[in-house]
Amino acid sequence: MAATVVRLPWNGQHWPGRVVDGVPTFGFRSAPPGLATRRQLRARGLCPGGRDWVAQVRWRGGRRWAALYLVDQAVESPGATTAQLISLWKAQRVLRTCTECGLLAPYRLPKFNGRRCWPCRPARRRGGRVMAVPQNVINPGPASLPPRRFAGPGFPTTTSAVERYRWYRH
Ligand SMILES: [Zn+2]
């Protein structure tokens, strides 16, 4: 497609691009300076501050796109509120709780087995051997008991590469 020139409505300058849906549209890595995506604003500690986005970046034939905000109109981010932090904490707790025995893992449980912990994982039907239960995990009791935490002093908060491999190999 031949490159056209669009007039930027916020400063009157001209820049290679096109207008899609009435919005200046640029290719990948072709946006004029002074614009930033929401994550680029966040990297500088800024946020849109209620302002709407003024341009967009499109790539991969329009299958991917990103909104562009004016950096000059961005405001300093006030950070998350207490309610937002509590909401995130609750979501993390749900993602870390085994749906079968209620055990609270120190990491998010995988979704492919219905967010079950390692001892509650469904056994393979055929063609695979049943993996042994790792020694650092308490064998959970019945579902009526309150959630039990992982055993061992100083259990790592993040899983090691070996542990992840054992999780996802079956
Ligand atoms: Zn479980």
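Predicted model, so just to flag it, every value in this text is computed and none were measured.

Caption draft 1: Summary view of the confidence of the model for the chain. For the chain, the mean per-residue pLDDT works out to 80, and 71% of the residues sit at or above 70. A low-confidence stretch, residues 151-157 (pLDDT under 50), is modelled with 8 contacts involving residues beyond four sequence positions or located in other chains.

Caption draft 2: Up close: unusual backbone geometry. At Arg 29, a residue that is not glycine, the phi angle is positive and equals roughly 60°. With a phi angle near 55°, Arg 60 is a residue other than glycine that sits in the positive phi range. In this structure, Arg 60 sits in the loop between strand S6 (55-59) and strand S7 (64-70).

Caption draft 3: Molecular detail of the sheet that holds strand S4 (residues 35-36). Here 6 strands make up an open sheet; going across it, the order is S1-S2-S3-S6-S7-S4 and the pairing mixed. The open sheet terminates on both sides in strands that have one partner only, identified here as strand S1 (4-7) and S4. Here S6 pairs with S7 via 5 bridges, running antiparallel. Residue Trp 59 lies in a different strand from S7, and its bridge partner there is Arg 64.

Calculation rules
The residue numbering used here restarts from 1 in each chain and proceeds along that chain's sequence as written. Since the coordinates come from a predicted model, pLDDT governs what is reported: local features require at least 70, and pairs of side-chain atoms require 80 or more to be given and counted, while whole-chain, interface and lining totals use all residues. Across the chain, each position has a pLDDT score giving the predictor's confidence in that residue, from 0 to 100. For the purpose of contact definition, each residue receives a C-beta atom placed from its backbone, and two residues are in contact when these atoms lie within 7 Å. By the criteria applied, helices consist of DSSP H or I runs no shorter than four residues and strands consist of E runs no shorter than two, each listed in order from the N terminus. Between any two strands, pairing holds if DSSP finds at least two bridges.

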